[in-house]
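Residue-level listing of the chains:
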Amino acid sequence: MSIFDDPFDSERELGCVCGQHRSAAEHQYAERTLRCEPVAPPASEEKRYEGVVASAVMRAVFPQDIARRAFLKSVGAATALAAVSQFFPIKTATEVFAAGGPPEKKDLKVGFIPITCATPIIMASPLGFYAKQGLNVEVVKTAGWAVIRDKTINKEYDASHMLAPMPIAISLGLGAQPIPFTVPAIENVNGQGITLAMKHKDRRNPKDWKGMKFAIPFDYSMHNYLLRYYLAEHGIDPDTDVQLRSVPPPEMVANLRADNIDGFLAPDNICQRAIYDGAGFLHILSKEIWDGHPCCSFAASKEFITTSPNSFAALTRAIVDATGYAAKAENRKQIAEAIAPANYINAPVTVLEQVLTGTYADGLGGVKTDPRRVDFDPFPWQSFAVWMLTQMKRWGQIKGDVDYKMVAEQVYLASDTRKVMAEMGLAPPPGSYKSYSVMGKTFDPAKPEEYLASFKIRKSA
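What counts, and at which threshold
Residues numbered from 1 in each chain as written. Predicted model: local features only at pLDDT ≥ 70, side-chain atom pairs only at ≥ 80, totals over all residues. Heavy atoms only, no water. Helix = DSSP H or I, 4+ residues; strand = E, 2+ residues; numbered from the N terminus. Buried < 20%, exposed > 50% of the residue type's maximum accessible area, 1.4 Å probe, protein only. Contact = heavy atoms within 4.5 Å. Areas by Shrake-Rupley, 256 points an atom, 1.4 Å probe, with all protein chains shown as cover. Pairing = 2+ DSSP bridges. Axes fitted to C-alpha atoms, helices over the stretch in contact; angles between N-to-C directions. Parallel < 35°, antiparallel > 145°, perpendicular 65-115°, else oblique. Left-handed = near helix turned anticlockwise from the far one by under 90°. Phe/Tyr/Trp six-rings, centres within 6.5 Å; stacked < 30°, edge-to-face > 60°. Lys NZ or Arg CZ within 6 Å of the ring centre and 35° of its normal. Expected span 1.5 Å × (residues − 1). Core = buried A, V, L, I, M, F, W, Y, C linked by side-chain atoms within 4.5 Å. Salt bridge = Lys/Arg side-chain N within 4 Å of Asp/Glu carboxyl O. Polar contact = N/O pair within 3.5 Å; in protein donor to acceptor, adjacent residues only side chain to side chain.

**Things to note about the overall build of the protein chain**
A count of helical and extended segments in the protein chain gives 20 helices and 15 strands. For the protein chain, the proportion of its 461 residues judged to be buried stands at 57%. At a minimum sequence separation of 6, the contacts of the protein chain that also span at least 24 residues come to 75%. Surface exposure of the protein chain reaches about 18600 Å², of which carbon and sulfur atoms provide 51%.

**Re the pairing of strand S10 (residues 294-301)**
Looking along a regular strand, one sees the side chains alternate between the two faces of the sheet. Counting buried positions along S10 yields eight of eight residues, so the element is predominantly enclosed. Relative to S10, strand S3 (residues 159-163) is paired through four bridges, and the arrangement is antiparallel. Bridge pairing in S10 places Met162 opposite Ser297. As paired elements, strand S4 (residues 181-190) and S10 share six bridges and run antiparallel to each other. Within S10, the position partnered with Asn188 by the bridge is Cys296.

**A closer look at the packing of helix H12 (residues 268-276) against helix H16 (residues 349-357)**
Contact pair H12 / H16: the axes reach a minimum separation of 9 Å and the direction vectors enclose 130°. Classed by the angle they form, the pair H12 and H16 counts as oblique. Crossing angle aside, the handedness with which H12 passes H16 is right-handed. Taking contact as the criterion, the partners of Asp268, Asn269, Gln272, Arg273 and Tyr276 in H12 are, on H16, Val351, Leu352, Gln354 and Val355.

**Topic: the sheet that holds strand S7 (residues 243-246)**
Taken in spatial order, the five strands make up an open sheet running S7-S6-S8-S5-S9, and their pairing is mixed. Two strands close off the open sheet at either side, each with one partner strand: S7 and strand S9 (280-285). On average, adjacent strands in this sheet sit at an angle of 25° to one another, irrespective of strand direction. Inspection of the sheet shows strand S5 (residues 192-197) paired to S9 by five bridges, in the antiparallel sense. Bridge pairing links Gly193 to Leu285 in S9. The sheet contacts of H12 involve S5, strand S8 (263-267) and S9, and relative to S8 the element is tilted by about 130°.

**Observations regarding the packing of helix H17 (residues 382-394) against helix H18 (residues 404-411)**
Between H17 and H18, the least distance of the axes is 9 Å, while the angle of their chain directions is 125°. By the angle between their directions, the pair H17 and H18 is classed as oblique. For the element pair H17 and H18, the recorded crossing hand is right-handed. Mapping the contact onto sequence places Gln382, Ala385, Val386, Leu389, Thr390 and Lys393 in H17 and Tyr404, Val407, Ala408 and Glu409 in H18.

**As for the packing of aromatic side chains**
Given two aromatic rings, one states the distance between the centres and the angle between the planes to describe the pair. If you walk through the whole model with that rule in mind, you get 15 aromatic pairs. Consider the rings of Phe379 and Trp381, whose centres lie 5.0 Å apart with planes at 75°: the pair is edge-to-face. Judged by its relative accessible area of 1%, Phe379 is buried. Within the aromatic cluster, the residues linked to one another by ring pairs are Tyr229, Trp290, Phe384, Trp387, Tyr436, Phe443, Tyr451 and Phe455. In this structure, Arg373 is placed above the aromatic ring of Tyr360, and the distance from its NZ or CZ to the ring centre is 4.3 Å. Positioned above the aromatic ring of Phe455, the side-chain terminus of Arg394 is 3.7 Å from the ring centre.

**Topic: helix H14 (residues 309-326)**
For H14, with 18 residues, the first-to-last C-alpha span of 25 Å sits near the 26 Å given by 1.5 Å per residue. Within H14, 13 of the 18 residues are buried, leaving the element largely enclosed by the surrounding structure.

**Describing the sheet that holds strand S2 (residues 136-141)**
With mixed pairing, the six strands of this open sheet are ordered in space as S2-S1-S3-S10-S4-S13. Pairing within the sheet leaves two strands with one partner each, and these edge strands are S2 and strand S13 (374-375). Along the sheet, helix H8 (residues 145-153) contacts strand S1 (107-112), S3, S4 and S10; its crossing angle with S3, the most-contacted strand, is approximately 145°.

**Re the side chain of Ser311**
Within the secondary structure, Ser311 sits in helix H14. Residues within four places of Ser311 in sequence aside, it is in contact with Pro103, Glu104, Lys105, Leu108, Leu135 and Phe304.

**Structural notes on the nonpolar core**
Counting residues in hydrophobic clusters, the biggest one holds 90 residues, and the most contacted among them are Trp145, Ile168, Ile194, Phe264, Trp387, Met392 and Tyr412. Broken down by element, this core gets its largest block of residues, eight residues, from helix H10 (residues 222-233). When neighbours within four sequence positions are excluded, Trp387 is seen to be in contact with Met222, Tyr225, Leu226, Tyr229, Trp290, Val438, Phe443 and Tyr451. Ranked by size, the runner-up nonpolar core spans 39 residues in total, among them Ala159, Ala336, Leu352 and Phe376.

**Considerations on the pattern of salt bridges**
Tallying each qualifying case throughout the model produces 19 salt bridges. We note a salt bridge from Arg373 to Asp268, for which the minimum N-O separation is 3.1 Å. A residue pair is termed long-range when its members are at least 10 positions apart, and Arg373 in the loop between strand S12 (367-369) and S13 and Asp268 in helix H12 qualify at 105 residues. Of the two residues, Arg373 and Asp268, neither departs from the other in class, the shared state being buried. Salt-bridge contacts for Lys405 lead to Glu409; the nearest nitrogen and oxygen are separated by 3.0 Å. Here Lys405 and its partner Glu409 are both found in helix H18, four residues apart, which amounts to about one turn of the helix.

**Looking at the side chain of Thr142**
For Thr142, the location among the structural elements is in the loop between S2 and H8. In this structure the side chain of Thr142 is engaged in a polar contact, spanning 3.0 Å, whose partner is the backbone oxygen of Val140. Those residues within four positions of Thr142 in sequence are excluded, and the remaining contacts are Gly111, Phe112, Ile113, Pro114, Val147, Ile148 and Tyr157.

Here's what the structure looks like:
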């Protein structure tokens, strides 16, 4: 549901990807006939803002759309509005929102892992993007992804840098109680690579990697899913033929040098640091597996959105703005200098420049150029989430049936982000789903189960 939808419409489904139609079927019909037109706007700005506030509350109370619709059909919209208003001051909140009031919280903490994937979140502090939105944000360097997750869930952080699949895993309760989390922006696309220890420079065929030990940053990560995908496409079962270990990114190069691991699929600055230190070489960029894949995200709990909608909106604007700045090649060297200090990434500027500009040493004596080695595009495609869900199910992280579309649209806030981007004068894509090619294999987000069934190597049910 878009935050601009009528939250008290019992017939409203989560199916429309643009937020302008009553169902996926209506959207698809309009799209086919090239008439994907906006519905009539609310009678007044006040009504529109009331819809924003009420929708945020209803989404928090009823994270599962089927429950919301059943409740509304049972009691009716008027009774539902009265009931919700008893425990949340919708009218007061609407007046504050409509008046364009200041953020509920100006002093915020946002956690991050010291990797180039967090570039927009980090650089938004020294380059003034948070201050531009009236926020005083402390970006907090954090040791590992489990710590990021726990501190965000425990409200020590108001929002955080997260691996793109993490908010999905948290929302589904994988490994813990489910807590609704959201992704209003993707931090970076591409930006990973497979690095091997120098002793393996003549062992480049993945079919020869049986028995090797690889590090990944976290179980619920694109790094894990892309490495597993790459290995499986070369006939290697990642659960039986190799060992995969979760290692915090800042510790990966030391483990490679100590011979504790043979390689890793990691963020690009970790790959480049291994090359800079002479400990490894770059086997392949992740964009050579899937060009345009998501890596990390900007994430926040639904509770934060509900209780501090102005702060959340301001944070989202700052991140989108910073991401747009980071996307421009001419800004990359300045950004490398801004995020290099010890309180941020703590890396040589040379290492970060090689990652961000795309002109880099490969560790084997060559210098390569790829300006899209890492890129920045904030739009949270819901098809990204569907792909991740197929891989979670493929490798046994999810058991049983999955409502791919419902989960994708509750966690990845494409419609909301589209509106924020449009208000900022940007040009977001009109839809929220698209197909991808991963190692030459087409992924259609409308057919996730068919895609899942096509893999020969997967964890047995």
